[in-house]
Structure formats: structure tokens, C-alpha cells
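As a plain string of letters, each chain reads:
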Amino acid sequence: MKAVITGSGFEAVGLGNMAAEHQPSSSLGNASDKILELEIGGNNFLWLRRHGADSAIAPHRINYRANIQALSELGATEIIAVNTVGGISGGCQSGCFVVADQIMDLSWGRDSSFFDGEYLPLQHIDFTHPFDQELRSNLLSCAGLLSMNAIDGGTYACTQGPRLETAAEIKALESLGADIVGMTVMPEAALARELDIAYASICPVINRAAGLSDRLLVEAEIRAQAGHMMGSVVELIRRLVETG
Ligand code: HPA
């Protein structure tokens, strides 16, 4: 079954018909929220809000392990993640969508593995290509059908947050090859890989990253841009679920 994890600014208006409501409980602590099972065109899928129902859980405080474990236990085999980002490389302007193909992880202090030698015995997974290629292709073809401005590939630098970056940090990330910057794709993507769940991310670019425009970053403006872009994301998810 498909699962969708959404982040900031996502309004689920018209996402699907309610089929069931799950209250996950886990030895790894609480998931961010209840998990809704929704239906579109006879296909059921799971939906979880990463930051909780009232969007109050900061990126570094999310219990990523409980979220991924709960989705896995409910039968998720594919996760479509929505991760809003700032744009770094020239092609990644506010208003476009990036279907990332690489990750640079700069987050720290997050519980980032099931294979930590406590919950499960130590194991080193392959993570050369962190996103599932087939799911990426499906996202890109649905985005194409909807005439969304979607970019195929890009390196996502995951920072700790919740503060935004300094101009020097963004310069450094740019020179390292990052195209976009966000706070939530890790450890989510790695945890999904550890449980054999295909994972791909659609990244709405909601601002130019720090120091790359002549303006300071204003949270209300960033949030408003996220809100503007979520209608297309809802359409994209609907199309993806409809196609089975
Ligand atoms: N930096 C980090 N995370 C983000 C940004 C940003 O500029 N925009 C949206 N999420």
C-alpha cells in the first residue's frame, strides 16, 4: 500500500475519502499523529502529518523511527514524502518542484536507525541511491501530466533546523553540490530503506535559500508560498494513487 507523509503548509482538502483512522502505538514512542487511511478510485493509502496535527513538532524533534515503523506495520510498501525546501542552485527557483535523487545529511542527534544494536542488531544498508527510482519516475510522469514545473533530480542537503541557514552555510552547501536545502528528509529516507519501503520525495521550492536573494527570509512569506503550492501536490498525490 502507498503512504504519504506531508509537511509544512499541507492542507488535505480533497485528498481522498476517509476509510479508517489508525492510532499507532509503538515501543519506539509515539508517531507524530494518528494515521489516516484514505481512498481514491478504489485504492486505499495511508496519510501521516510529519509535524503532527497542529504542525507543532520541530524537524529535529520528530520521532522518525516511530513514524516509519507505524507505517510499515500498517502495510506501507511505498512512501511518497512531501518535503518543502529552499532553492540553492540556479534552476531551483521558488515555485518549482524537485524530485530529488541524492541526499547530503547534515542533521545530527536524531534517532536515525532501526539497526542500532538495541532495537535491532547492527546492519549497514546500501544507500548509494537514497530514493526509489521507480517511484521517482512515477512522480515525474504524474507531474508531467499535470503540467507541473518539476525538475528531475537534485541533491537535497538536510540541515538540523529549526532555524534557517546562514548565508555562509548556503555558500558552502552550494560548493559541495547541494541544489536544495530542507530539514526533514533525513533520517526518514534511510529508515524507510532499512524497512524495505520504497521512498521518494517531491520537494516544493518555497523560497530561495539564505543569502541568495536580496531579501531576508520571512517565515510568513515562506509559509504562504508553501500554501500556494500545495494544491498541485494534492493533485499529484491523487493522480499517483489513482494509477495504482
Ligand atoms: N532551509 C531549510 N529548510 C527549508 C527552507 C530553507 O531555506 N525552506 C523550506 N524549508
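The notes below deal with the structure included here.

What counts, and where the lines are drawn
Residues numbered from 1 in each chain as written. Predicted model: local features only at pLDDT ≥ 70, side-chain atom pairs only at ≥ 80, totals over all residues. Heavy atoms only, no water. Phe/Tyr/Trp six-rings, centres within 6.5 Å; stacked < 30°, edge-to-face > 60°. Helix = DSSP H or I, 4+ residues; strand = E, 2+ residues; numbered from the N terminus. Buried < 20%, exposed > 50% of the residue type's maximum accessible area, 1.4 Å probe, protein only. Salt bridge = Lys/Arg side-chain N within 4 Å of Asp/Glu carboxyl O. Lys, Arg positive; Asp, Glu negative; His and termini not counted. Polar contact = N/O pair within 3.5 Å; in protein donor to acceptor, adjacent residues only side chain to side chain. Contact = heavy atoms within 4.5 Å. Core = buried A, V, L, I, M, F, W, Y, C linked by side-chain atoms within 4.5 Å. Pairing = 2+ DSSP bridges.

Focus on the packing of aromatic side chains
- Using the criterion set out here, one finds 3 aromatic pairs in the structure.
- An angle of 20° between the planes, with centres 6.2 Å apart, marks the rings of Phe131 and Tyr199 as stacked. Residue Phe131 is found in the loop between β8 (102-105) and α2 (133-145), and its partner Tyr199 is found in strand β12 (residues 198-208); the two are separated by 68 residues along the sequence. Accessibility classification places Phe131 together with Tyr199 in one group, the buried group.

A closer look at the pattern of salt bridges
- Scanning the model with the defined rule gives 9 salt bridges in all.
- Across the salt bridge formed by Glu169 and Arg163, the nearest N and O atoms sit 3.0 Å from each other.
- You can call Glu169 partly exposed: its relative accessible area is 30%.

Some remarks on the side chain of Arg110
- Along the chain, Arg110 turns up in the loop between β8 and α2.
- An unpaired buried charge is present at Arg110: no salt bridge exists, and Asp105, the closest side chain of opposite charge, is 6.2 Å distant.
- In terms of polar contacts, Arg110 uses its side chain to reach the backbone carbonyl oxygen of Met186, at 2.8 Å.
- Setting aside chain neighbours within four positions, we find Arg110 in contact with Pro59, His60, Tyr64, Cys158, Thr159, Gln160, Met183, Thr184, Met186 and Pro187.

What about the environment of Val218?
- Tracing the backbone shows Val218 in the loop between β12 and α5 (219-242).
- Put simply, Val218 and Val205 are 13 residues apart on the chain and 15 Å apart in space, counted from C-alpha to C-alpha.

Digging into unusual backbone geometry
- Residue Pro162 is bonded to the preceding Gly161 through a cis peptide linkage, with omega at -5°.
- Here Pro162 shows up in the loop between β10 (155-158) and α3 (167-176).
- In this structure, Pro187 follows Met186 across a cis peptide bond, with omega equal to 5°.
- The residue Pro187 is located in the loop between β11 (180-182) and α4 (188-194) in this model.
- Although it is not a glycine, Asp196 sits at a positive phi angle of roughly 65°.
- Mapped onto the elements, Asp196 comes out in the loop between α4 and β12.
- You can call Asp196 exposed: its relative accessible area is 70%.

Topic: the nonpolar core
- Grouped together as the largest cluster of nonpolar side chains are 36 residues, with contacts concentrated most on Leu71, Ile79, Tyr156, Ile180, Val185 and Tyr199.
- Setting aside its immediate chain neighbours within four residues, Leu71 contacts Ala3, Ile5, Ile35, Leu46, Leu48, Ala76 and Ile79.
- Leu140, Ala198, Ile222 and Leu240 belong to the second-largest nonpolar core, a separate cluster that totals 32 residues.

So, the pairing of β12
- Counting buried positions along β12 gives 11 out of 11 residues, so the element sits mostly inside the fold.
- In this sheet, β12 lies alongside strand β5 (residues 78-82) in parallel orientation, the contact comprising 5 bridges. Its bridge partner lying in β12, Ile80 is registered against Ala200.
- The pairing of strand β6 (residues 85-87) with β12 spans 3 bridges and is parallel. Each residue of the ladder has a partner; that of Gly87, found in β12, is Arg208.
- Where strand β7 (residues 97-99) and β12 come together, 2 bridges link them in antiparallel fashion. When the sheet's bridge partners are listed, Phe97 is paired in β12 with Pro204.

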